[in-house]
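The residues making up each chain are set out below.
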Amino acid sequence: MSGPIQRLKGIYDQLTGRPKALCDFDELPAVPGMPQGCAWRHYAPEGTEVDNLGRLNLLTPEVVREAARSEIQTGQRVQLDWSLANVQFPGFKRKGLSHTVISKANPETGWIGCDDEIHFNTQCGSQWDGFKHVAHRATGNYYNGVTHEQITSGSTTQNGIDSWVSAGGIAGRAVLLDWLRWRELTQPHNPLPSPVTRYEIPHEELIEVAKFQGVTLKPADILIVRSGFVRWHDGAGEKERKEGTFERATYIGIKATEECVKWIWNNHFAAVAGDTVAFEAWPPLPGKPCLHEWLLAMWGSPIGEMWNLEGLSKVCEEHKRWSFFLTSAPLNVPGGVGSTPNVVAIF
């Protein structure tokens with residue numbers, strides 16, 4: 001290792017006493033009963049086996065401070081949360097947004113005001129997938145070996161998103177790989193794929209996008225990929241939306257291969273996110289890797305989905321800069337499975 005990876009490794013090792021925090025995929029210590037590349041307890045503090053942060057451990061105070069120093073230059077901000085009401089027809093039988101305004105006016109006291117109540121599934125719009133969202137199917141285990149029974153019985157809050165809150169939320173350098181823009185500019189005569197088909201974006205193309213944008217990927221980055229789903233949804237009619245998001249369950253996303261899995265790990269991203277429904281091409285193919293299993297269950301790496309990257313894409317192009325400071329304050333729900341991202345990009 002050399003350069004920024006070595007410096008970050010040194011910082012992390014000093015804080016935790018854990019060597020090889022940024023080791024390559026093939027160098028990860030074996031976890032009994034799990035495939036090579038499983039990172040359970042890899043980030044746990046010395047002398048313990050409990051860790052609820054996973055790859056978010058890479059966002060050390062030093063890393064965040066350096067990201068703020070180098071990335072915040074103009075103070076311009078872009079919030080990346082899509083409206084909770086935007087997914088008109090949530091898929092997978094999930095409950096959409098229900099919003100009720102409650103009058104608190106009291107004629108006797110003269111008080112005039114309102115409350116409101118909102119009910120929604122955390123998977124029905126812009127979201128973070130937490131470590132309790134998907135298990136490793138072959139063993140039935142979630143991150144660090146937590147079982148489905150433990151989660152559904154309420155006997156443990158381990159892997160809950162509230163742990164991210166306790167750690168100060170998510171903040172650091174983020175990079176937008178604007179695949180949609182790259183595709184339109186470099187292949188203008190090649191029709192774009194429909195975002196509601198199972199179109200696979202190879203990770204090799206993401207490497208090309210980074211080169212095209214002139215952006216360098218660094219350890220502890222939050223990787224964000226724009227594929228075109230939100231733009232499609234915003235421009236689609238009611239019939240198209242219903243067919244695309246409710247009646248079908250096929251979506252554009254990253255092509256899940258063994259090489260892609262290693263590429264994601266070896267780049268040491270703290271988290272990944274995108275504008276599509278599942279980040280990876282959905283549904284997973286039988287006998288092929290599933291990025292949700294690797295990211296959530298094996299590594300403890302949050303997945304952001306259905307983020308609104310349209311405004312961000314424009315600001316990045318205006319600045320000719322595709323890296324920025326990102327901050328996210330997840331919901332403080334004890335044992336929470338998912339959360340609205342409440343995420344802001346700062347330039």
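Rules behind the numbers
Residues numbered from 1 in each chain as written. Predicted model: local features only at pLDDT ≥ 70, side-chain atom pairs only at ≥ 80, totals over all residues. Heavy atoms only, no water. Helix = DSSP H or I, 4+ residues; strand = E, 2+ residues; numbered from the N terminus. Buried < 20%, exposed > 50% of the residue type's maximum accessible area, 1.4 Å probe, protein only. Polar contact = N/O pair within 3.5 Å; in protein donor to acceptor, adjacent residues only side chain to side chain. Contact = heavy atoms within 4.5 Å. Disulfide = S-S within 2.5 Å. Arc of directions from axis to C-beta. Pairing = 2+ DSSP bridges. Phe/Tyr/Trp six-rings, centres within 6.5 Å; stacked < 30°, edge-to-face > 60°. Axes fitted to C-alpha atoms, helices over the stretch in contact; angles between N-to-C directions. Parallel < 35°, antiparallel > 145°, perpendicular 65-115°, else oblique. Left-handed = near helix turned anticlockwise from the far one by under 90°. Nonpolar A, V, L, I, M, F, W, Y, C, P; charged D, E, K, R; others polar. Salt bridge = Lys/Arg side-chain N within 4 Å of Asp/Glu carboxyl O. Core = buried A, V, L, I, M, F, W, Y, C linked by side-chain atoms within 4.5 Å.

S.K.: For the side chain of Asn52, give the residues involved together with the corresponding values.
M.R.: Note on placement: Asn52 falls in the loop between helix H1 (3-16) and helix H2 (61-71). A relative accessible area of 18% means that Asn52 is categorised as buried. Among the polar contacts listed, one links the side chain of Asn52 to the backbone nitrogen of Asn159, at a separation of 2.9 Å. Within the structure, Asn52 has its side chain in polar contact with the side chain of Ser163 (distance 3.5 Å). When sequence neighbours within four positions are dropped, the list of residues in contact with Asn52 reads Phe131, Gln158, Asn159, Ser163 and Trp164.

S.K.: Any details on the state of the cysteines? Residues and values, ideally.
M.R.: If you walk through the whole model with that rule in mind, you get 0 disulfides. Lacking any disulfide linkage, Cys38 is separated from the closest cysteine sulfur, that of Cys23, by 12 Å. Classification of Cys38 as buried rests on a relative accessible area of 2%.

S.K.: Give me H2: which residues, what numbers.
M.R.: The complete set of buried residues in H2 reads Val63, Ala67 and Glu71. Taken around the axis of H2, the buried residues stretch over an arc of 40°, which confines them to a single face. Structural note: H2 exposes Pro61, Arg65 and Arg69 on the side pointing more than 90 degrees away from its buried face.

S.K.: How would you explain the sheet that holds strand S10 (residues 303-305) if you had to name every residue and give the values?
M.R.: With mixed pairing, 9 strands are arranged side by side in an open sheet as S1-S13-S11-S5-S7-S9-S10-S4-S12. Two strands bound the open sheet, and with one partner strand each, they are strand S1 (77-79) and strand S12 (338-339). Here strand S4 (residues 127-129) pairs with S10 via 3 bridges, running antiparallel. By the bridge assignment, Trp128 is partnered in S10 with Gly304.

S.K.: Break down the environment of Ala138 for me, citing the residues and quoting the values.
M.R.: Within the fold, Ala138 resides in the loop between S4 and helix H3 (148-153). Here Ala138 falls in the exposed class, since its relative accessible area comes to 70%.

S.K.: Provide a residue-level description of the packing of aromatic side chains, including the pertinent values.
M.R.: Tallying each qualifying case throughout the model produces 13 aromatic pairs. With a centroid separation of 5.5 Å and 55° between ring planes, the pair formed by Phe25 and Trp294 is classed as tilted. Placement of the pair is Phe25 in the loop between H1 and H2 and Trp294 in helix H10 (residues 291-299), with a sequence separation of 269 residues. Note on Phe25: relative accessible area 6%, which makes it buried.

S.K.: Describe the packing of helix H5 (residues 179-186) against helix H6 (residues 203-213), naming the residues involved and giving the relevant values.
M.R.: Between H5 and H6, the shortest axis-to-axis distance is 10 Å and the interhelical angle comes to 80°. With respect to H6, the element H5 is oriented roughly perpendicular. Packed against H5, whose contacting residues are Trp179, Arg181, Trp182, Leu185 and Thr186, the element H6 presents Glu205, Glu208, Val209, Phe212 and Gln213 at the interface.

S.K.: Give me the lowdown on the packing of helix H9 (residues 258-266) against H10, citing residues and values where you can.
M.R.: Running from N to C, H9 and H10 point in directions that differ by 40°, and their axes come no closer than 10 Å. Classified by the angle between their axes, H9 and H10 sit oblique to one another. In this structure, H9 meets H10 at a crossing whose hand is right-handed. In this structure, H9 contributes Cys260, Val261, Ile264 and Trp265 to the contact, and H10 contributes Leu291, Trp294, Leu295 and Trp299. Looking at the contact of H9 with H10, its residues break down into 8 nonpolar, no polar and no charged.

S.K.: Just give me the short version of the pattern of salt bridges, but keep the residues and values in it.
M.R.: Applying the stated criterion to the full structure yields 13 salt bridges. In this structure, Asp178 and Arg226 form a salt bridge, with 2.8 Å as the shortest nitrogen-oxygen distance. Of the two residues, Asp178 is situated in the loop between strand S5 (170-177) and H5 and Arg226 in the loop between strand S7 (222-225) and helix H7 (229-235); the sequence distance between them amounts to 48 residues. Using a relative accessible area of 5% as the deciding quantity, one classes Arg226 as buried. When salt bridges with common partners are traced through the structure, they connect Glu71, Arg173, Asp221 and Arg321 into a single cluster.

S.K.: With reference to specific residues and values, describe the pairing of strand S13 (residues 343-346).
M.R.: Here S13 shows a buried face lined by Val343 and Ala345 and a second buried face lined by Val344 and Ile346. When strand S11 (residues 323-328) meets S13, the two strands line up antiparallel, connected through 4 bridges. The residue of S13 that forms the bridge with Ser328 is Val343.

S.K.: Which residues make up the nonpolar core, and what values go with them?
M.R.: Counting residues in hydrophobic clusters, the biggest one holds 73 residues, and the most contacted among them are Ile224, Trp299, Leu312 and Phe324. Looking at this core element by element, the count peaks at 6 residues for H10. Among the nonpolar cores identified, the runner-up in size contains 12 residues, and Val196, Ala278, Trp282 and Met306 belong to it.

S.K.: Before we move on, can you summarise H6 with the specific residues and values?
M.R.: Within H6, burial applies to His203, Glu205, Leu206, Val209, Ala210 and Gln213. With its buried residues spanning 150° around the axis, H6 presents them on a single face. Buried positions along H6 lie against S5, H5, strand S6 (200-201), S7, strand S8 (253-254) and H9. Immediately downstream of H6, the backbone of Gly214 shows phi near 70°, a positive value.

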